[in-house]
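Examination of the molecular architecture
Spelled out from the first residue to the last, the chains are:
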Amino acid sequence: MKHYKFFFVLLVFTALSCSSDKEDDVLDATSIVGTWDATGLMIDSETASDDAKNARDILDFLTAKDCYILAFTFKSDLTVTAHNSSNYLEINVNSTGTGLDIPCPTESDVETSTYTFDGAVLTIVDSEGETVNVDVEIDGDTMIIDASDLDIPNFNEGGELIFARR
């Protein structure tokens, strides 16, 4: 359950990113439909915590190996399924001691919730009835979510979580 909450918070973190001040930038509500994989975390290296930097580096390392530890599938029936493998990460030093060795997790926590998306704001209602509203920026097959408004340890100082549509 603890890992699921981290995953859900990460999802919410992802969804809070970029809001638009222009009404013309509002997307069609169906633009979010599909499966989205977390592929990057953009942070300010000068001000980010070591934990945020490590999260960015681990996400980059795994993405380079086509391993995605966080994915959301938004369906047209307004359900969203989140797959979070972050609780199953095994972080090791490679055999030569020159860097990280992180195998792609084979397990993940899965949570299904409901959502609405008006083209700019994503509202998710989890299985416990808690509602989270986040601003989302979608440009083609790229989705950006800002984490600065979420109270997620190691991520609440800011940054943008980048997702790519499969």
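Residues numbered from 1 in each chain as written. Predicted model: local features only at pLDDT ≥ 70, side-chain atom pairs only at ≥ 80, totals over all residues. Heavy atoms only, no water.

The protein chain is annotated in an unreviewed UniProt entry as Lipocalin family protein from Maribacter aquimaris.

Moving on: the environment of Ile43. With respect to the helices, strands and loops of the structure, Ile43 is situated in the loop between strand 1 (34-42) and helix 2 (50-64). Spatially, the C-alpha atom of Ile43 lies 7.9 Å from that of Arg56, the residues being 13 residues apart in sequence. (Helix = DSSP H or I, 4+ residues; strand = E, 2+ residues; numbered from the N terminus.)

Below, the discussion takes up helix 2. Taking 1.5 Å of rise per residue, the 15 residues of helix 2 would be expected to cover 21 Å, and the 21 Å separating its terminal C-alpha atoms lies within 8% of that figure. For helix 2, the full list of buried residues reads Ala52, Arg56, Ile58, Leu59, Leu62 and Thr63. End-on view of helix 2: buried residues confined to an arc of 165°, all on one side of the axis. Opposite the buried face of helix 2, by more than 90 degrees, sit the exposed residues Asp50 and Ala64. Looking at the buried side of helix 2, the elements it contacts are strand 1 and strand 11 (160-165). (Expected span 1.5 Å × (residues − 1). Buried < 20%, exposed > 50% of the residue type's maximum accessible area, 1.4 Å probe, protein only. Arc of directions from axis to C-beta. Contact = heavy atoms within 4.5 Å.)

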